[in-house]
Amino acid sequence: MTDDARQQTQEVYYPTESIVEQANITAYMRSKGFSNWDDLHRWSLDQSDTFWDEMAQRLGWYAPYTQILDDSKKPFFTWFTGGKTNIVHNAIDRHMSTWRRNKLAFIWEGEDGTVRNFSYADVNREVSKLANVLKAMGVQKGDIVSIYLPRVPELPFAMLACAKIGAAHSVIYGGFSHEALRDRIADAQSKVLITADGGYMRNKVIELKKIADDAMSSSPTIQTAIVLKRTGHAVDMHVGRDYWWHDLMALPIASERCETEVVDAEHPLFILYTSGSTGKPKGVVHTHGGYSVGIATTFHFTFDIKDHDIYWCAADPGWITGHSYIVYAPLIEGATSFIYEGAPNYPYPNRWWQIVERYKISILYTAPTAIRGLMRFGDAWPKRHDLSSLRLLGSVGEPINPEAWRWYYDIIGGGNCPIMDTWWQTETGGFMITPNPTTPLKPGSGTKAFLGIEMDVVDEHGNRTADNADGLLVAKRPWPSIMRTILHDAERYANSYWNNEPVGLYTAGDSARRDKDGYFWVIGRIDDVIKVSGYRLGTAEIESALVSHPAVAEAAAIGLPHEIKGTGIHCFVILRSGIEGSDKLSEELRTHVAKELGPITKPEAVSFMAALPKTRSGKIMRRVLKAQALGQDLGDISTLEG
Ligand code: PRX
């Protein structure tokens, strides 16, 4: 957050009375006898068992839990202990005996304009059939199925089919390279990969099957690949390993009836890999019970979902935003969700606004990078369309600069749609700091912690910082949708997030400020993680990709401000002796990183250096590189190698 943004803290946007009157949170607040948010929030912390119990009771359970929170094995918390559930029971099965059976669950539009609609009953049918196929393939409760699909309805179906039979899913974003896919398959020890022949992006075919073939050629655990036909272009099918999705779904084994597996509240639901400070991605583990409660509650109150809403989260289902707020929470809440396959500005910069008008989208949830990217094309594009169906807007993934916030608010929201700037992480499962529709908003601030969530800003000793002082963003107590561990590495989980003084604070890895009104202003990451267009990348992963090139001896990657992407990747390399730096080599290295890790990781620039600034113990001082690049004061460099 820039100083300019900090000065904007006086700029406050109030919701209209009609928005306040109809909000889910208003009804809840009144039912509890409170007249303001802060009192309700205080109560939700003081009586947190009561609050989370009430929220859990909004969902169905096969067998009741006996304890709300068990913190006896801190930081390995368990929630709703003893409860029997399955997220699919709440996301699909429960709706089968109500009118929502025939309500639209998903409206999908392909980049080519094709539309596919799925009612809740349709989703149930597709998911049950695929679940039976997976069972026939030998997938069992507790297995991890890897999924590498484009943005098509079959991606949520595949996730739900795994969950239904008690298997965990590991979705690998379709923009990742074969190495990234291979490493994640290996970590999860998956026997089955669900993929597609390809996907479309800007009318180009993304060769997913080819990438999957490369990954599977060095993935000894994989026995079966289920291949969805999306593009229809020719792909290699490996006899005995690869099966077409549609062939399997036409077999008698793919019956439309499949019992949902009853699992413990703490049974793993999915693994989602995310970047941390080391080169090895973390397999974040979420479970059925607490996760369901956390995401359903936040979705209900923040996005204020109503049965007549058409909700559009423009993220990819392959990231946590998609897992929580495209797939699971909207289904649990019985919402109608719109999913769009393509890019925001293809073929024209009004594609999204056309969609909002055509489908009468009432809630739009996207990332600052998309907003900035669309803002660049000017107001005329959105102004060609009737966007009056919009009621609420959302932002996620990185700090939103006040200029983009105001454009989103005025031009897209017509000046009367509150913006839900939701701060959260793969690890938190659901929103942590977020407004609700009744919250007075300050552009660039996610406002305050959600109900039952206690956030603060502290110094390195765990002491609360003064108002407006920079510090570490922490959560002071656990919450139901918190990650449970890192797959195969419980120690890393404990050390990365809870290894602090005083013990008991969850450190998010972000720096932030708290203003005099208690509003949080997230500044950015304090660890070696870069957020590029909202995507989370580890500097170590980028550096090891660079070092894998024969010309490179050493590398350092840093994030520098970028007008659209928020942050762009800049790399500094030391070449092996005898190799000369050139523009051609710099370009080659940029392409090399993109090939190794996926197109989103392509650096803005690769520069050559004779030496990298290091501490005496040999750690690269990225902070110094960053200050040099920005022409800033180098700060404390007493530990710099002489
Ligand atoms: O730095 C914060 C930033 O994104 C990080 C989490 O990234 P990831 O696990 O990929 O999850 C992204 C989607 C939830 C955080 O540590 N971040 C996320 N939301 C915001 C944000 N920064 C500022 N404002 C936000 N609303």
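That block above? That's the structure.
Basis of the calculations
Residues numbered from 1 in each chain as written. Predicted model: local features only at pLDDT ≥ 70, side-chain atom pairs only at ≥ 80, totals over all residues. Heavy atoms only, no water. Near = heavy atom within 4 Å. Polar contact = N/O pair within 3.5 Å; in protein donor to acceptor, adjacent residues only side chain to side chain. Helix = DSSP H or I, 4+ residues; strand = E, 2+ residues; numbered from the N terminus. Buried < 20%, exposed > 50% of the residue type's maximum accessible area, 1.4 Å probe, protein only. Contact = heavy atoms within 4.5 Å. Pairing = 2+ DSSP bridges. Core = buried A, V, L, I, M, F, W, Y, C linked by side-chain atoms within 4.5 Å. Salt bridge = Lys/Arg side-chain N within 4 Å of Asp/Glu carboxyl O. Axes fitted to C-alpha atoms, helices over the stretch in contact; angles between N-to-C directions. Parallel < 35°, antiparallel > 145°, perpendicular 65-115°, else oblique. Left-handed = near helix turned anticlockwise from the far one by under 90°. Nonpolar A, V, L, I, M, F, W, Y, C, P; charged D, E, K, R; others polar.

**Q** What is the right way to look at the site of the ligand in this model?
**A** Taken together, 17 residues form the shell around the ligand, and within it D421, T422, T426, R525 and R536 come nearest. Between the ligand and E398, the relevant distance is 3.4 Å, taken from a nitrogen atom to a main-chain nitrogen or oxygen of the residue. Backbone polar atom of T422 to a nitrogen atom of the ligand: 2.7 Å apart, as the coordinates give it. Looking at the shell around the ligand, the elements that each hand over two or more residues are α13 (320–332), β20 (419–422) and β25 (520–525).

**Q** Looking at this structure, I do not really get the side chain of T426. What am I missing?
**A** As for its placement among the helices and strands, T426 is situated in the loop between β20 and β21 (455–458). Residue classification places T426 among the buried positions, given a relative accessible area of 10%. Other than its neighbours up to four places away in sequence, T426 contacts L272, T274, V284, H286, I320 and R536.

**Q** Would you explain the pairing of strand β6 (residues 144–148) in this entry?
**A** It is a general feature of regular strands that their side chains alternate between the two faces of the sheet. With 5 of 5 residues buried, β6 is to be regarded as a mostly interior element. Taking every second residue as pointing to the same face, both faces of β6 are buried, with I144, S146 and Y148 on one and V145 and I147 on the other. As paired elements, β6 and strand β7 (residues 168–171) share 4 bridges and run parallel to each other. Note on β7: the bridge partner recorded for V145 is H169. Both β6 and strand β8 (residues 192–196) contribute to a ladder of 3 bridges, which runs parallel.

**Q** What should I look at first to understand the nonpolar core in this one?
**A** For soluble globular proteins, the rule of thumb is that nonpolar side chains tend to be buried together. Ranked by size, the top nonpolar core spans 135 residues in total, and within it F80, I147, L160, I194, Y328 and M455 carry the most contacts. Look past the residues within four positions of I194 in its chain and what remains in contact with it is L134, V145, S146, I147, Y148, L149, A158, I226 and W245.

**Q** Mind showing me how you'd approach the pattern of salt bridges here?
**A** A side chain of one charge can pair with a side chain of the opposite charge if their charged atoms are brought near each other. The final tally for this structure, using the stated rule, is 48 salt bridges. The salt bridge involving K103 is made with D307; its shortest N-O contact spans 2.5 Å. Here K103, found in the loop between α6 (87–91) and β4 (104–109), pairs with D307, found in the loop between α12 (288–302) and β16 (310–313); they are 204 residues apart in sequence, far enough to count as distant. On the basis of relative accessibility, which here comes to 7%, the residue K103 falls in the buried class. Here D309 makes a salt bridge to R391, at a shortest N to O gap of 2.4 Å. One end of the pair, D309, is in the loop between α12 and β16; the other, R391, is in the loop between α16 (380–383) and β19 (392–396), and 82 residues separate them in sequence. Each of D456, R464, D467, K476 and R514 takes part in one network of salt bridges that share partners.

**Q** Looking at this structure, how should I read the sheet that holds β16?
**A** The pairing of strands in a sheet happens through backbone hydrogen bonds and is either parallel or antiparallel. Here we have 7 strands laid out as an open sheet, ordered β5-β4-β17-β16-β18-β19-β20, and mixed in their pairing. Edge strands, defined here as strands with exactly one partner in the open sheet, are β5 (115–119) and β20. On average, adjacent strands in this sheet sit at an angle of 20° to one another, irrespective of strand direction. The sheet contact formed by β4 and β5 spans 5 bridges and is antiparallel. Opposite W108, over in β5, you have R116 as the bridge partner. Where helix α7 (residues 120–136) meets the sheet, its contacts fall on β4 and β5, and the angle it forms with β5 comes to roughly 90°.

**Q** How should I be thinking about the packing of helix α3 (residues 24–31) against helix α4 (residues 37–46) in this particular structure?
**A** Geometrically, a packed helix pair is captured by the angle between its two axes and the distance between the axes. Their axes nearest at 11 Å, the elements α3 and α4 cross at an angle of 70°. Considering their axes alone, α3 and α4 lie roughly perpendicular with respect to each other. The interaxial crossing formed by α3 with α4 has left-handed handedness. Of α4, the residues touching α3 (which contributes I25, Y28 and M29) are W37, L40 and W43. Classifying every residue of the contact of α3 with α4 gives 6 nonpolar, no polar and no charged.

**Q** Which parts of the structure should I look at to understand helix α19 (residues 539–547)?
**A** α19 sits mainly inside the fold: 7 of its 9 residues count as buried. Listed in full, the buried residues belonging to α19 are T539, A540, E541, I542, E543, A545 and L546.

**Q** So what exactly am I meant to see when it comes to the sheet that holds strand β24 (residues 506–514) here?
**A** Strand order in the open sheet made by the 4 strands is β21-β22-β24-β25, with antiparallel pairing throughout. Two strands lie at the open edges of the sheet, namely β21 and β25, each paired on one side alone. Each adjacent strand pair in this sheet contributes to an overall mean axis angle of 45°, direction not counted. The pairing of β21 with strand β22 (residues 471–475) spans 4 bridges and is classified as antiparallel. Across the sheet, the residue bridging to V458 is L472, located in β22.

**Q** Got a minute to help me understand the environment of S275 in this structure?
**A** For S275, the location among the structural elements is in the loop between β14 (268–274) and β15 (282–287). Considered as a pair, S275 and E541 are 266 residues apart in the sequence and their alpha carbons are 8.2 Å apart. In this view, S275 contacts K282, V529, R536, L537, G538 and E541; residues no more than four positions away in its chain are not counted. A polar contact of 3.4 Å, which involves the side chain of S275, links it to the backbone nitrogen of G538.

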